[in-house]
Amino acid sequence: MAIREIVTQGDPVLNKVCHPVTQFDQKLWDLLDDMHDTLAQSNGVGLAAPQVGILRRVVLVINGEDRVIELINPTIVSTSGEQEGLEGCLSVPGKWGMVKRPMRVRVRAQDRNGNWFEEEDEELTARCFCHELDHLDGHLFSELADRLYTSEELDAMMEEEE
Ligand code: ZN
């Protein structure tokens with residue numbers, strides 16, 4: 001297991017459509033294990049394979065119970081409601097933006113052995129499902145935000161609100 005380098009905005013790998021996973025083999029498991037290590041070290045709540053330079057439909061999402069969910073070939077089955085909140089990305093370091101997402105999201109995916117399952121969640125985890133799945137189609141959250149803020153700008157906004 002190893003920590004992989006997280007690529008950042010500007011790298012063309014982040015704008016490509018990822019290929020489905022067809023082989024549930026040691027190579028996939030090594031990728032998943034490395035993604036676990038990389039995510040654990042980065043303090044993020046989700047990571048998509050293209051963020052470590054691999055164009056495969058693989059994502060990790062940490063849910064509200066701190067469980068890391070492995071999603072392979074995931075699709076969104078249904079959504080409901082709406083939420084608007086601050087979003088950031090390990091591939092867009094130091095920048096945040098307000099993004100609208102569904103409040104509740106149900107995804108269908110395969111596990112590391114190829115078995116299909118469904119997972120439903122809300123709030124931050126629902127946001128994370130949408131954000132990570134967007135990565136698999138070459139999209140970044142910044143495309144959905146009117147503007148991006150630095151941490152200094154966010155601090156200033158918080159102070160104004162107090
Ligand atoms: Zn991201």
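All values reported here derive from a predicted model rather than from experimental measurement.

(A) Highlighting the sheet that holds strand S8 (residues 149–150). On the basis of which strands lie adjacent, the open sheet formed by three strands has the order S4-S5-S8 and antiparallel pairing. Looking along the sheet, the strands with just one partner apiece sit at the ends: strand S4 (83–89) and S8. Here S4 runs beside strand S5 (residues 92–101); their pairing, made up of six bridges, is antiparallel. When the sheet's bridge partners are listed, Gln83 is paired in S5 with Arg101. Across the face of the sheet, helix H2 (residues 123–136) comes into contact with S4 and S5 while running at roughly 55° to S4.

(B) Spatial organisation of H2. Taking 1.5 Å of rise per residue, 14 residues should cover 20 Å, and H2 covers 21 Å from first to last C-alpha, within 8% of that figure. Counting buried residues in H2 gives eleven out of 14 residues, a clear majority hidden from the surface.

(C) Layout of the pairing of S5. Turn length for the S4-S5 hairpin, with the two strands adjacent in sequence and antiparallel, is two residues. One ladder, built from two bridges, connects S5 with S8; its direction is antiparallel. Its bridge partner lying in S8, Trp96 is registered against Tyr149.

(D) Local environment of a nonpolar patch on the surface. On the surface, a nonpolar cluster with roughly 250 Å² of combined accessible area is contributed by Leu86, Met98 and Met158. Positionally, Met98 belongs in strand S5.

(E) Expanded view of the coordination of the zinc ion. Surrounding the zinc ion are the protein donor atoms Cys89 (SG), His131 (NE2) and His135 (NE2), at 2.0 to 2.3 Å. Spacing between the donor residues of the zinc ion along their common chain follows C-x41-H-x3-H. With a gap of four residues between them, His131 and His135 both fall in helix H2, about one helical turn apart. By the burial criterion, His131 is buried, and His135 matches it.

(F) Molecular detail of unusual backbone geometry. With a phi close to 65°, Asp66 is a non-glycine residue in the positive phi region. Along the chain, Asp66 falls in the loop between strand S2 (58–62) and strand S3 (68–80). A relative accessible area of 67% means that Asp66 is categorised as exposed. Of note in the backbone geometry, Asn73 takes a positive phi value of approximately 55° without being a glycine. Summarising the element assignment, Asn73 is placed in strand S3. Looking at Asn73, the relative accessible area reads 11%, which means it is buried.

(G) The pairing of S3, seen in detail. With five bridges joining them, S2 and S3 adopt antiparallel strand pairing. Paired with Ile62 across the bridge in S3 is Val68. Hairpin connection between S2 and S3: a loop of five residues separates the two successive antiparallel strands, and Asp66 in this loop has a positive phi of roughly 65°. As judged from the six bridges shared by S3 and strand S6 (residues 104–110), these two strands associate in the antiparallel manner. Its bridge partner being in S6, Ile76 is matched across the sheet by Val107.

What counts and how
Residues numbered from 1 in each chain as written. Predicted model: local features only at pLDDT ≥ 70, side-chain atom pairs only at ≥ 80, totals over all residues. Heavy atoms only, no water. Pairing = 2+ DSSP bridges. Helix = DSSP H or I, 4+ residues; strand = E, 2+ residues; numbered from the N terminus. Contact = heavy atoms within 4.5 Å. Axes fitted to C-alpha atoms, helices over the stretch in contact; angles between N-to-C directions. Expected span 1.5 Å × (residues − 1). Buried < 20%, exposed > 50% of the residue type's maximum accessible area, 1.4 Å probe, protein only. Patch = residues over 30% accessible without salt bridge, like charges linked within 9 Å, V, L, I, M, F, W, Y side chains within 5 Å. Areas by Shrake-Rupley, 256 points an atom, 1.4 Å probe, with all protein chains shown as cover. Salt bridge = Lys/Arg side-chain N within 4 Å of Asp/Glu carboxyl O. Donors = N, O, S within 2.8 Å, 3.2 Å for Na, K, Ca; no water.

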